[in-house]
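Fold and geometry: a report
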Amino acid sequence: MAVNDTIADMLTRIRNANMARHQTTQVPSTKLTRSIAKVLRDEGFIAEFEEAGEGVKTNLVISLKYKGKNRQPLITALKRVSKPGLRVYSNKKELPRVLGGIGIAIISTSSGIMTDREARRQNLGGEVLCYVW
């Protein structure tokens, strides 16, 4: 099945796996999903990700992180901001702060995909892909 919005699909899969307390989840591997997974890993929201499969049909296997003995998911929420039907851009002055800096906004900039903090540091604006907290 072809998905139009790979990012929303990825966020939904992670959200569902988190609710079901799965250890890993699979998302179709694209340059974009790889970059987002990398940002999530660097920010400590997921444990690890790796590519599985061969040829055209490669998947990213994302290992989720939980805390405490009740295994509460580290990711409380994932929210898609810029959608294919309504793109959301923001210049460097208006970069969003998620929950006063507790969460991150993932921004697609001319220098690649990064967090709002990183984009602010590099003085870049871009497309606001999603919020994670």
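Please refer to the structure placed before this passage.
To start, this report covers the structure provided alongside it. From a predicted model like this one, the values you see are computed outputs, not experimental measurements. (Residues numbered from 1 in each chain as written. Predicted model: local features only at pLDDT ≥ 70, side-chain atom pairs only at ≥ 80, totals over all residues. Heavy atoms only, no water.)

If you walk across this open sheet you meet the 3 strands as β1-β3-β2, and the pairing is antiparallel. Only two strands of the sheet have a single partner each, and these edge strands are β1 (24-28) and β2 (46-52). Shown here is a sheet whose adjacent strand axes are inclined to one another by a mean of 25°, direction ignored. In terms of strand pairing, β1 meets strand β3 (residues 59-64) through 5 bridges, oriented antiparallel. Paired with T25 across the two strands is I62, which belongs to β3. Along the sheet, helix α1 (residues 6-19) makes contact with β1 and β3, crossing β1 at roughly 165°. Across the sheet, helix α2 (residues 31-42) is in contact with β1, β2 and β3; its angle to β2 comes to roughly 155°. (Pairing = 2+ DSSP bridges. Helix = DSSP H or I, 4+ residues; strand = E, 2+ residues; numbered from the N terminus. Axes fitted to C-alpha atoms, helices over the stretch in contact; angles between N-to-C directions. Contact = heavy atoms within 4.5 Å.)

Mapped onto the secondary structure, D9 falls in helix α1. The exposure class assigned to D9 is buried, which follows from its relative accessible area of 16%. If we skip the residues at most four places from it in the chain, D9 touches V3 and P28. (Buried < 20%, exposed > 50% of the residue type's maximum accessible area, 1.4 Å probe, protein only.)

Take G103: it is sitting in the loop between β7 (89-90) and β8 (104-109). As a C-alpha pair, G103 and D116 span 13 residues in sequence and 9.7 Å in three-dimensional space. Residues within four places of G103 in sequence aside, it is in contact with V98, R117, V132 and W133.

Our next topic: the packing of α1 against α2. The axes of two packed helices give the description: the angle between them and the distance between them. Between α1 and α2, whose axes approach to 10 Å, the crossing angle comes to 45°. Taken together, the axes of α1 and α2 are oblique relative to one another. Judged by the twist between their axes, the crossing of α1 over α2 is right-handed. For the pair formed by α1 and α2, the contact residues are T6, I7, M10 and I14 on the first element and L32, T33, I36, A37 and L40 on the second. (Parallel < 35°, antiparallel > 145°, perpendicular 65-115°, else oblique. Left-handed = near helix turned anticlockwise from the far one by under 90°.)

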